[in-house]
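Spelled out, the chains give:
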Amino acid sequence: MASTGHTAPGPAGPAADPAVRATGIVKRYGSTLALDGVHLTVRPGEAHALVGRNGAGKSTLVSVLTGMVRPDGGTVAFGGAPAPGWGDTAAWQRKVACVYQKSMTVPELTVAENLYLNRFPGGRAIRWRTLRARARELLAEYGVAVDPADRIKDLGVEQRQFVEIARALSCGARLIVLDEPTARLDAGGIERLFGKLRGLRAQGVAFLFISHHLQEVYELCDTVTVFRDARHVLTAPVAGLPRTELVRAMTGEEPAAARPVRTAGPPAGEPVLRTEGLVLDGRFAPLDLTVRAGEVVGLAGATASGNTAIGETLAGLRTPGGGRITVRGRPVRTGSVPHAIEAGIGYVPEDRHRQGLIPGRSVAENATLTVADQLGPLGTVLPARTREFAHRMITSLDIRTTGPGQPVAGLSGGNQQKVVIARALAREPSVLVAVRPTNGVDVRSKEALLGVVREVADGGSGAVIVSDELDDLRVCDRVLAVFHGRVVAEFGSGWSDHELVAAMEGMAAGGSGPGGPRERYPGRPAGTDGTDSTDGTEGTAP
Amino acid sequence: MTETASPPATEAAAGVPGRARPWPGLARWRDFSLVPVIFVLGVIGFIVSPAFLTRDNLIGVIQQSTELGLLVLGEALILISGRMDLSLESTIGLAPVIALWLVMPAHGARFAGLELFPAWTAIPLCLAVGAAVGATNGFLILRLRVNGFIATLGMLTMLRGLQVGISEGRSIGNVPESFAYLGKADWLGVPAAVWICLALFALGGAALGYLRHGRALYAIGGNPEAAKAAGIRVDRITWIVLAVGGVLAAFAGILYTGHYGAVSASQGNGWIFQVFAAAVIGGISLKGGRGTLFGALTGVLTLQLVINVMTLGGVPPLWTQFLNGLIIIIALVISRFTSGEQQD
């Protein structure tokens, strides 16, 4: 247990006690193993990168290290001393702090108040003058050029992160976890952040750096640890580690023969979906995409790469800044879901709980939401027809349910996702747009769901899979890698895992797209310069 | 947080199928859960007073349920689509007052109107006022995106004030015959209001069950984002529902005015608590997306029967308010545990 842990003598431990040493951490969520006996050691003054694909267990480990989640097994020690008791938040804050993508500051309060929130100097009454003076000293100490009287909401992302780091350091923390700190910064901001981090490291502050951008790992970090499938795979000095080696550790790519070779599909037919100069400021750059009948096209991209926004724009959930969408040659009114559905775009949203399902309603009702106008004359919905329709869907997609009347909340994750897909397919769309269609379902459902997408294409429609899961992208005939809102590489069906991951992580190693490895941010679209700081992660539609 | 944490979390949440429903068949009967309560109240009433089981008394109870029932019908539709409207209780008074103000003669009567329209237009005008109030609520909530609770609370106060201003704080008598007819007529020996109320509930129930847009209310209330992603025009339908709620409240005002022959200055004052209580007891979820109109109707009848039984049982009038509140609380607690759901 973290609370009763003791320092386990590590093999070949460095002279100083490590800033943090975690050993044998196990964490389970239900039947899912989120962390399987992982270990991690960060030395004082070190910048340590933690990388891994989505679901590898990075976030869970961060939660364990910051005392937010109690591990089922293993020990955590800070500077040689066992971790504070579980639930003793103040004690944890003196050891470690995490700067999340989503700000943990109070936007309406001033910088000074945020720095000393709930630990104001002085007695019961707040002495504003002292508070501000102390805040100014603190900020000056770490070289943060921010006025303590400013409100947090008026600061940029970069300054807010500095304030959060300063707050953590003033609590006594000597280990700072940075969770995707550069995701919303522009190149200049990243330079300044890195400069500041280097300065702090000289003072003995250690950083655990979580990033999807391997390029940044190479620029900033000394050591990198790779997680894959809840396990520790590799810890190595960055300097001597070839990039291909790192990507291979992340993907765990077996020899190429392991991948089932797709049978050559029918020759692609006429275009079913075409976009011309489709653009959404701050999310993705002008996109020309053509999906032909019988073709599955993948849009690969990491979190916040903009690929989800492309999917949502195609579905009409977001209004593009410009450009055209046509389905089978007919233009579609953009920014309107009913028009998109009418035009023949079926949509499987990213998060079935948030956008996919109405939990309290029945399977039949959820599956027929998009076809309610076809279930009876004059705007009526006849229960018999609804049931019949649902029965057809249940049979054709093999949904495991007690019947069409069962509330959809009672289904397993995979079957819920099938209901969402049934809803998208109910109108027999010309093109199916599926965002992370196998999100949070088990392996067998995954295969079934991807099989359905394949069948849709084989049946003469087109399909677009927006995902960062390599398994999802394997069914695609073509994969476009999206990085910072721009298609940086295109692959035929013969791609290898590390080529694609490298392209998604911003290292266009094997891609034919623009931007070599040295150009750090190939064509970042205008608007991602950190000015829109309201939402932290991709896919949070307003 | 990155999304790395979400797959295990969603899996954990989805991995317990049917944990809220040990008996799937039971949920279907939840809408009928008040029927035995009504029966028990009937037995208590019979024991308490021989006058209870008389035709006059029962018809009286039902007639008194009609005006409240129409408000509950409107509120139920709004609650199912995930919104709330507190201003309904002011609409029931304001709409008749404005309609009468526009049609009543400018001279002669105690209340001087404008005489802008012929007397027969009083009912359509009244309903139009209700629709306008609902549409204004919709504008505030859906266009300006202000908080629905506070916006309609403000409307409640403002409309009540408008009614007091126009009517100069007095009751309006001598209402035109056409306006009063529905509230006081008897059809087949039963007040017309009862038939109308039942018909509207049946119509509403059929719309919710068998109409595309009616069914969309459950989707909108249950998960507005999913409804939007499925191509339902969420804002437009919500707006229509708010307007329909206003129309129903105005119609309740017509029945009430006809029933008592006058519009009192405090018509509908304080009813909104009863409206919410009846809806929630009847199984309508305040979170939206759940409940039936049949349930709402049984909620209304339950509340009115309780009041009737207390009156017949000789409860001192000074204590009825206390007992009324107490019974609402008890009913809420019971329905909270029988439905197994939190009602916040």
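Residues numbered from 1 in each chain as written. Chains lettered and ligands numbered in written order. Predicted model: local features only at pLDDT ≥ 70, side-chain atom pairs only at ≥ 80, totals over all residues.

Chain B carries the name Autoinducer 2 import system permease protein LsrD in an unreviewed UniProt entry, which gives Streptomyces kasugaensis as its organism. Under Subcellular location (unreviewed entry), UniProt gives the following word-for-word description of chain B: "Cell membrane". (UniProt positions renumbered as here; feature names shortened; annotations may be inferred.)

Colleague: Is there a simple way to explain the sheet that holds strand 3 (residues 47-51) of chain A in this structure?
Modeller: All names here are of chain A. Overall, mixed pairing links the 6 strands, which are arranged 6-7-8-3-9-10 in an open sheet. Across the chains shown, the open sheet's two edge strands, defined by having one partner strand only, are strand 6 (96-99) and strand 10 (231-237). Ignoring strand direction, the axes of neighbouring strands in this sheet form an average angle of 20°. Bridge analysis of strand 9 (residues 223-228) against strand 10 gives 6 bridges, and the strand direction is antiparallel. Its bridge partner being in strand 10, Val224 is matched across the sheet by Ala236. Its contacts with the sheet put helix 1 (residues 58-65) on strand 3, strand 6, strand 7 (175-179), strand 8 (206-210) and strand 9, and the angle it makes with strand 7 is roughly 150°. Packed on one face of the sheet, helix 8 (residues 243-251) meets strand 3, strand 9 and strand 10 and runs near 30° to strand 9. (Pairing = 2+ DSSP bridges. Helix = DSSP H or I, 4+ residues; strand = E, 2+ residues; numbered from the N terminus. Axes fitted to C-alpha atoms, helices over the stretch in contact; angles between N-to-C directions. Contact = placed C-beta atoms within 7 Å.)

Colleague: What's the story with the environment of Glu469 of chain A in this structure? I'm lost.
Modeller: All names here are of chain A. Examined against the element boundaries, Glu469 turns out to sit in the loop between strand 18 (462-467) and helix 16 (470-473). By C-beta crowding, Glu469 is classed as buried, having 20 other C-beta atoms within 10 Å. Ignoring any residue separated from it by four or fewer positions in sequence, one finds Glu469 in contact with Arg436 and Thr438. (Buried ≥ 20, exposed ≤ 12 C-beta atoms within 10 Å, placed from the backbone.)

Colleague: Sorry if this is basic, but what is going on with the packing of helix 8 of chain A against helix 17 (residues 497-504) of chain A here?
Modeller: Two measures define how a pair of helices packs: the angle their axes make with one another and the distance between the axes. Residues and elements named next belong to chain A. One way to put it is that helix 8 packs onto helix 17 with a least axis distance of 9 Å and a crossing angle of 105°. When the axes of helix 8 and helix 17 are compared, the pair comes out roughly perpendicular. From helix 8, Thr244, Val247, Arg248, Met250 and Thr251 reach across to helix 17, where they touch Asp497, His498, Val501 and Ala502. Of the residues in the contact of helix 8 with helix 17, the class split is 4 nonpolar, 3 polar and 2 charged. (Parallel < 35°, antiparallel > 145°, perpendicular 65-115°, else oblique. Nonpolar A, V, L, I, M, F, W, Y, C, P; charged D, E, K, R; others polar.)

Colleague: I'm lost on the confidence of the model for chain B in this one. Help?
Modeller: Keep in mind that low pLDDT regions are not for reading the predicted coordinates in detail. For chain B, per-residue confidence averages 84 on the pLDDT scale, and 88% of positions sit at 70 or higher. For chain B, helix 1 (residues 6-14) of chain B is the element with the lowest average pLDDT, namely 36, and helix 6 (residues 122-143) of chain B is the one with the highest, namely 95. (pLDDT = per-residue confidence, 0-100.)

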